[in-house]
Amino acid sequence: MIPVFTTKNPDHSRRASRTPAHLSAIMAQAQPLADGINGNSSNGGRPDQGGFKLKFCTVCASNQNRFVCVLFFSAGEVLTLYHRSMESHLRLAAANYPVISFGTGSLVRLPGPSISQPNVYQFNKTSYDSMYKELESKDPRLYRANGLLNMLERNRGVKWGPERWQDWQIGVPRLEHSGDRGSAGVEGGVVDVVITCEERCWDAVIDDLLSRGSPLNRPVHVINVDIKDNHEEALIGGRGILDLADSLNKAAAEERELNPAAFDSGNAASRAGFDERVPEIIGEWQERWPHLPAVWTLAWF
């Protein structure tokens, strides 16, 4: 039986009705809090202080089943495609954490000239740079107006291209991704914490881990931080996730001092102290970020 810890609150049901003014107020509150806690600049970057760092993975669903809805929103809303996990990846990488990111859908579908003509790409095989160049050659005016070129410009500066979680060979070296931001430290193909951005994605990750049968017998914390899929809340969520990463890393560093070699090997017994502290850490974090409902479980690689 997998233990599940949730911090969902009644405000979650009202998230979709937030007004731009409300979002601006939340962002104004979130920025000084995040910067004060993390000591980071406005873009999330900060000097590398060295020392132990947990390895992170961010996961978001492919937009393959919702690109039609995006087309009915304002042009800026197109920036939300892959925005949540990539924003979190970028913030964690800028804070010098080892990080990788994935999607859980079957295909990458981006809006095209009409609802019936999406731009479809394969995970693991198509780079963000090639997507950018293809769309720019097709209709630069359309794809710049709807925000896709801006999104792909940002994404190609973060990593090579979109990867699918279910295709990830856990424990296999990731040497071919040496150019991705945050790749240093995750070359071994394992992480300590997986952070998803919506609950259906969290479910998909848990189901996949169960189906793999825990071949490495290595604990991994899977946390869903529920972030509404729009530009403003993706930025807020990225700050909140960075704050959570800092809190988790501080506790892990303290527990690691007891037996660094065993902790670094992923030994379950040596990580028990840290594992037991995670629910409390998330609960304290939730008090600082009440608009980001979280769900957590301890799973196994």
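Worth saying up front: this structure is predicted, and the values here are computed from it rather than measured. (Residues numbered from 1 in each chain as written. Predicted model: local features only at pLDDT ≥ 70, side-chain atom pairs only at ≥ 80, totals over all residues. Heavy atoms only, no water.)

Caption draft 1: View of the packing of aromatic side chains. With the rule as written, the count across this model stands at seven aromatic pairs. Both rings, one in Phe102 and one in Trp165, keep their centres 5.9 Å apart while their planes meet at 90°; by these two values the pair is edge-to-face. Taken together, the residues Phe102 in strand β3 (residues 99-103) and Trp165 in the loop between α6 (148-156) and β6 (193-196) connect sequence positions 63 residues apart. Between Phe102 and Trp168, the aromatic rings sit 5.0 Å apart at their centres with planes inclined by 25°, giving stacked as the arrangement. Here Phe102 is found in strand β3, whereas its partner Trp168 is found in the loop between α6 and β6, with 66 residues between them in sequence. Residue class for Trp168 comes out buried when judged on its relative accessible area of 5%. Taking NZ or CZ as reference, Lys159 lies 5.8 Å from the ring centre of Phe102, over its face. The ring centre of Phe263 lies 4.2 Å from the NZ or CZ of Arg271, which sits over that ring. (Phe/Tyr/Trp six-rings, centres within 6.5 Å; stacked < 30°, edge-to-face > 60°. Helix = DSSP H or I, 4+ residues; strand = E, 2+ residues; numbered from the N terminus. Buried < 20%, exposed > 50% of the residue type's maximum accessible area, 1.4 Å probe, protein only. Lys NZ or Arg CZ within 6 Å of the ring centre and 35° of its normal.)

Caption draft 2: Structural view of the pairing of strand β2 (residues 56-60). Burial within β2 is extensive, with five of its five residues counted as buried. Burial along β2 is two-sided: the face carrying Phe56, Thr58 and Cys60 and the face carrying Cys57 and Val59 are both buried. Across four bridges, the pairing between β2 and β6 is parallel. Note that in β6 the partner of Cys57 across the bridge is Val194. (Pairing = 2+ DSSP bridges.)

Caption draft 3: Examining helix α7 (residues 199-212) more closely. Helix length check: α7 (14 residues) gives 20 Å between terminal C-alpha atoms against 20 Å at 1.5 Å per residue, within 8%. Taken together, the buried positions of α7 are occupied by Cys201, Trp202, Val205, Ile206, Asp208 and Leu209. Take α7 and look down its axis: the buried residues cluster within an arc of 165°, on one side only. Turned more than 90 degrees away from the buried face of α7, the exposed residues are Asp207, Leu210 and Ser211. (Expected span 1.5 Å × (residues − 1). Arc of directions from axis to C-beta.)

Caption draft 4: Structural view of the nonpolar core. Counting 34 residues, the largest nonpolar core has Leu54, Phe56, Leu92, Ile223, Val225, Leu248 and Phe274 as its most contacted members. Those elements that place two or more of their residues in this core are β2, α3 (83-94), β6, β7 (219-225), α8 (231-256), α10 (272-288) and β8 (294-300). Tallying contributions element by element places α8 first for this core, with eight residues. Excluding residues that lie within four positions of it along the chain, Leu248 makes contacts with Leu54, Phe56, Val193, Ile223, Phe274, Val278 and Ile281. Val191, Val205, Val220 and Phe301 belong to the second largest nonpolar core, which has 21 residues in total. (Core = buried A, V, L, I, M, F, W, Y, C linked by side-chain atoms within 4.5 Å. Contact = heavy atoms within 4.5 Å.)

Caption draft 5: A look at unusual backbone geometry. Residues other than glycine seldom take positive phi values, yet Ser214 does so here, at roughly 55°. A relative accessible area of 29% means that Ser214 is categorised as partly exposed. With a phi close to 50°, Asn217 is a non-glycine residue in the positive phi region. Along the polypeptide, Asn217 turns up in the loop between α7 and β7.

Caption draft 6: Here's a closer look at the confidence of the model for the protein. Mean pLDDT over the protein works out to 80, with 76% of the residues at or above the 70 mark. The low-confidence segment residues 9-43 (pLDDT under 50) makes 51 contacts with residues lying over four places distant or belonging to another chain. Scored below 50 in pLDDT, residues 63-82 shows 49 contacts in the model against residues more than four places distant or in partner chains. (pLDDT = per-residue confidence, 0-100.)

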